[in-house]
Amino acid sequence: MAQSKTSPKYIAFHCKTPASTGGETPLIDSSIVYSYLHNQYPEIEKKLQTYGVRYKRVLPPEDDLASPLGRSWKNTYDVDNESELEEKLAVIPGIQWKWLEDGNLEVITEILPAIKYIASTKYNVFFNSIIAAYKGWDDARNVAADAVMYGNGAKIPANALEDISSFMESNKTAWKWEAGDVIWIDNDLVMHSRNTFAGSREIHASLWNGREAPTSNQLPIAFGEEKQ
């Protein structure tokens, strides 16, 4: 959720129904990904620190379950029509957007940070969706290789993105769900994703803000279900 300026501090997952095949949740320490970037690609790190990062997506008017992106612009921005969406986008500083044919919407996000300093650990972490976008945002409307860029619009070198992706793949832990399992992660320190799966799968997510772990009398900022 690094594409949001109000990303949650904590995320809790609960497995109601595990997939019959696949559907694991890969997890990786964000600090070791940053360390790899720092040691192997210091010039890219410097540019990410200087310019930040932007993401490009083309969203359809209705949800597309065949797409890894999936959500429509109606669902993404919680609107019912083009007029409501234009009102919402008009007040987001730095965002770029335009209507395409068939009611599709092209969006280039505002400039977002790619590296985050964590005061409690005194570490930098790799806090972004660069690899997820570069490797996974490919469908009938989107080309994954064009989905991510520096904040100044320049492309991030593909060889570096491929290498960082391979490092993450080699160092991740893929949690295989069983019914009733709960995972609680510090969203600043741990990155997560989702493997493809077959069969029915239902994972609930609860998102929390705050600098300290929530107590029993605090309420989450959002509940949701991850079924796709």
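Residues numbered from 1 in each chain as written. Predicted model: local features only at pLDDT ≥ 70, side-chain atom pairs only at ≥ 80, totals over all residues. Heavy atoms only, no water.

1. Overview of helix 2 (residues 42-51)
The set of residues buried in helix 2 consists of Ile44, Glu45 and Leu48. All buried residues of helix 2 project into a common sector of 105° when viewed along the axis, lining one side. Residues of helix 2 that are exposed and point more than 90 degrees away from the buried face comprise Glu43, Lys46 and Thr50. Here the buried face of helix 2 lies against helix 1 (30-40), strand 7 (115-118), helix 5 (130-136), strand 9 (148-150) and helix 6 (158-171). At the C-terminal side of helix 2, glycine 52 shows a positive phi close to 75°. (Buried < 20%, exposed > 50% of the residue type's maximum accessible area, 1.4 Å probe, protein only. Helix = DSSP H or I, 4+ residues; strand = E, 2+ residues; numbered from the N terminus. Arc of directions from axis to C-beta. Contact = heavy atoms within 4.5 Å.)

2. Re the nonpolar core
The biggest cluster of nonpolar side chains holds 30 residues, and the ones touching the most others in it are Leu48, Ile130, Val148 and Ile164. Elements supplying a minimum of two residues to this core: helix 1, helix 2, strand 4 (53-59), helix 5, strand 9 and helix 6. Examining the composition of this core, we find that five residues originate from one element, helix 6, more than from any other. Those residues in contact with leucine 48 that lie beyond four places of it in its chain are Leu37, Ala114, Ile115, Ile130, Tyr150 and Ile156. Core analysis: the next-biggest nonpolar cluster, separate from the first, contains 10 residues, Trp177, Ile203, Ala205 and Leu207 among them. (Core = buried A, V, L, I, M, F, W, Y, C linked by side-chain atoms within 4.5 Å.)

3. Structural notes on the confidence of the model for the chain
Taken residue by residue, the chain gives an average pLDDT of 90. The fraction at 70 or more is 92%. In this model, residues 212-223 is a region of pLDDT below 50 whose contacts with residues beyond four sequence positions or in other chains number 20 contacts. (pLDDT = per-residue confidence, 0-100.)

4. Side note on the packing of helix 1 against helix 2
Running from N to C, helix 1 and helix 2 point in directions that differ by 115°, and their axes come no closer than 5 Å. Mapping the contact onto sequence places Tyr34, Leu37, His38, Asn39 and Gln40 in helix 1 and Pro42, Ile44, Glu45 and Leu48 in helix 2. Residue composition of the contact of helix 1 with helix 2, grouped by class: five nonpolar, three polar and one charged. (Axes fitted to C-alpha atoms, helices over the stretch in contact; angles between N-to-C directions. Nonpolar A, V, L, I, M, F, W, Y, C, P; charged D, E, K, R; others polar.)

5. Structural notes on unusual backbone geometry
Even without being a glycine, aspartate 102 presents a positive backbone phi close to 65°. If you trace the backbone, aspartate 102 turns up in the loop between strand 5 (96-99) and strand 6 (105-108). The class for aspartate 102 is exposed, based on a relative accessible area of 67%. The phi dihedral of lysine 122 falls on the positive side, at around 60°, and the residue is not glycine. As for its position among the elements, lysine 122 is in the loop between strand 7 and strand 8 (123-126).

6. Focus: the side chain of serine 67
Here serine 67 is to be found in the loop between strand 4 and helix 3 (73-77). Exposure remark for serine 67: the relative accessible area of 6% places this residue in the buried category. For serine 67, the side chain forms a polar contact with the main-chain nitrogen of leucine 69, separated by 3.0 Å. Each residue touching serine 67, except ones within four places of it in the same chain, is listed here: Asp139 and Arg141. (Polar contact = N/O pair within 3.5 Å; in protein donor to acceptor, adjacent residues only side chain to side chain.)

7. Quick word on the side chain of aspartate 186
As for its position among the elements, aspartate 186 is in strand 11 (residues 182-186). Setting aside residues no more than four positions away along its own chain, aspartate 186 makes contact with Lys9 and Tyr10.

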